[in-house]
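Structural overview
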Amino acid sequence: MNGNAQRRLGMMNWLGSFAVLCALIALWWVASNAGWVSRVFLPTPQATFASLLEGLNLSGSSGNGELLAFTQATVGRMVQGWLLASLFGVVLGAAIGVSPAVRAWVQPTLEFIRPLPASALLPLAISIFGLNPGMVLFVVAFGAMWPVLLATVHGFAAVEPRLSEVARCLQMSRAAYIWKMGLPNAMPDILAGMRLALTIALIVAVVGEMIASQSGLGQAILLAARAFRASDLFAGIVLLGLIGFMSNALLAFAEKRLLRWQQP
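Our subject in this report is the structure included herewith. Keep in mind the model is a prediction, meaning the values are calculated, not measured.

1. Overview of the overall build of the protein
A count of helices and strands for the protein gives ten helices and zero strands. Mapped from its N terminus to its C terminus, the protein presents α and β elements in the order α-α-α-α-α-α-α-α-α-α. Taken over the C-alpha atoms alone, the protein extends approximately 75 × 60 × 30 Å along its principal axes. Across the 264 residues in the protein, those meeting the buried criterion constitute 37%. A separation of at least 24 residues holds for 66% of the contacts in the protein among residues at least 6 apart in sequence. Entry remark: accessible area of the protein is about 15400 Å², with carbon and sulfur atoms responsible for 69%. Once the 16 positive and 9 negative side-chain charges of the protein are each reduced to a mean point, those two points are 8 Å apart.

Printed below as a string of structure tokens:
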């Protein structure tokens, strides 16, 4: 497929996605304005948009801008936890993946721990760290680490065996082999794991804020639900969707740039 055909296909996919989004918003507008669902539970899109602008202090009125502060807290917690998860996931994954013996010993334990939901560890983390931002950060990093760790292990395990033979012939150290041969070959798997980890970090951060009563979008959404402020509730949900979409798009762009050497 040539470049022009790829661009046309990309444009058609973009237009199709935009059409689906517009259809969903139209259905939402009809359902709320026609009274299919009470506005106590389903606000109109215009009310949600007004609450979003007011919460972000973009409406030009005397909005409190609390939603902006909550967003900054959630995004900061998500990014910090994701960076910690990526660092420890890559380091531990490289140490495990580079050695077949270590993989054989550790893999069953990893598969046992991996399915544990991070939110289930919140009570344990609260008992250890208490109700503080550090506790939520630990749970976010722990939950987001597994996709990076397992992807790194898989990437190093899939390195061409002949490269290992070349490294032995050149008498390369373990660190040199990891840096010059293992890491470049495992980079596609690592970046895919990091993209998944970023989504998990956002989810766990919001759940942690709800359970541990920490400042952020999770707490804002929970308080809005308890007070039956539907427009504020939906504004927070829309904002979470925008954060997830934008962060994934930025990481996909970075992944494309970092893996340019793989493209024909």
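There is more to say after this.
2. Details of the pattern of salt bridges
In the structure shown here, the tally under the stated rule is three salt bridges. The salt bridge partner of glutamate 209 is arginine 77, with a shortest N-O separation of 2.4 Å. Here arginine 77 lies in helix H3 (residues 66-97) and glutamate 209 lies in helix H8 (residues 174-212), a separation of 132 residues in the sequence. For the pair shown, glutamate 209 and arginine 77 are each scored as buried.

3. Brief notes about the packing of helix H2 (residues 45-55) against helix H10 (residues 230-258)
The axes of two packed helices give the description: the angle between them and the distance between them. Put simply, H2 and H10 touch, their axes get as near as 8 Å, and they point 75° apart. Classed by the angle they form, the pair H2 and H10 counts as roughly perpendicular. Where H2 approaches H10, its residues Ala47, Thr48, Ser51 and Leu52 are matched on the opposing element by Ser231, Asp232, Phe234, Ala235, Val238 and Leu239. Looking at side-chain class alone, the contact of H2 with H10 contains six nonpolar, three polar and one charged residues.

4. So, the layout of surface pockets
If you add up the space inside the largest pocket, you get close to 770 Å³. The set of elements that each furnish at least two residues to the lining of the largest pocket consists of helix H1 (3-33), H2 and H10. Per-element tally for the lining of the largest pocket: the top contributor is H1, with nine residues. In the lining of the largest pocket, the residues fall into 14 nonpolar, five polar and no charged.

5. Describing the packing of aromatic side chains
Tallied over the full model, the rule gives five aromatic pairs. Between tryptophan 14 and phenylalanine 18, the ring centres sit 5.7 Å apart and the planes meet at 0°, which makes this aromatic pair stacked. Here tryptophan 14 and its partner phenylalanine 18 are both found in helix H1, four residues apart, which amounts to about one turn of the helix. What makes tryptophan 14 exposed here is its relative accessible area of 53%. Judged by its relative accessible area of 45%, phenylalanine 18 falls in the partly exposed class. On the basis of an interplanar angle of 85° and a centroid distance of 5.7 Å, the ring pair of phenylalanine 142 and tryptophan 146 is categorised as edge-to-face.

6. Overview of the nonpolar core
Counting 52 residues, the largest nonpolar core has Leu67, Trp82, Met135, Val139, Met194, Leu217 and Leu239 as its most contacted members. Where this core is concerned, the elements lending two or more residues are H1, H3, helix H5 (122-129), helix H6 (133-157), H8, helix H9 (217-226) and H10. Broken down by element, the residue count for this core peaks at 13 residues, all from H8. Apart from residues no more than four positions distant in its own chain, leucine 67 is found in contact with Leu52, Gly55, Leu56, Leu217, Ala235 and Leu239. Grouped together as the second largest cluster of nonpolar side chains are five residues, Val98, Val159, Ala167 and Met181 included.

7. Details of unusual backbone geometry
Even without a glycine there, the phi angle at serine 213 is positive, about 55°. Assessed through its relative accessible area of 51%, serine 213 is described here as exposed. Although it is not a glycine, phenylalanine 228 adopts a positive phi angle of roughly 55°. On the secondary structure map, phenylalanine 228 appears in the loop between H9 and H10.

8. Topic: H2
Listing the buried residues of H2 in full gives Pro45, Thr48, Ser51, Leu52 and Gly55. What you see down the axis of H2 is that its buried residues fit within an arc of 125°, all on one side. Directly beyond the C-terminal end of H2, a positive phi value near 60° is found at asparagine 57.

Rules used in this analysis
Residues numbered from 1 in each chain as written. Predicted model: local features only at pLDDT ≥ 70, side-chain atom pairs only at ≥ 80, totals over all residues. Heavy atoms only, no water. Helix = DSSP H or I, 4+ residues; strand = E, 2+ residues; numbered from the N terminus. Buried < 20%, exposed > 50% of the residue type's maximum accessible area, 1.4 Å probe, protein only. Contact = heavy atoms within 4.5 Å. Areas by Shrake-Rupley, 256 points an atom, 1.4 Å probe, with all protein chains shown as cover. Lys, Arg positive; Asp, Glu negative; His and termini not counted. Charge placed at Lys NZ, Arg CZ, Asp CG, Glu CD. Salt bridge = Lys/Arg side-chain N within 4 Å of Asp/Glu carboxyl O. Axes fitted to C-alpha atoms, helices over the stretch in contact; angles between N-to-C directions. Parallel < 35°, antiparallel > 145°, perpendicular 65-115°, else oblique. Nonpolar A, V, L, I, M, F, W, Y, C, P; charged D, E, K, R; others polar. 1 Å grid on protein atoms, 1.4 Å probe; cavity = no way out; pocket = protein on both sides within 12 Å on 5 of 7 lines; lining within 4 Å. Points joined across faces, edges and corners; volume = space filled by probe spheres on them. Phe/Tyr/Trp six-rings, centres within 6.5 Å; stacked < 30°, edge-to-face > 60°. Core = buried A, V, L, I, M, F, W, Y, C linked by side-chain atoms within 4.5 Å. Arc of directions from axis to C-beta.

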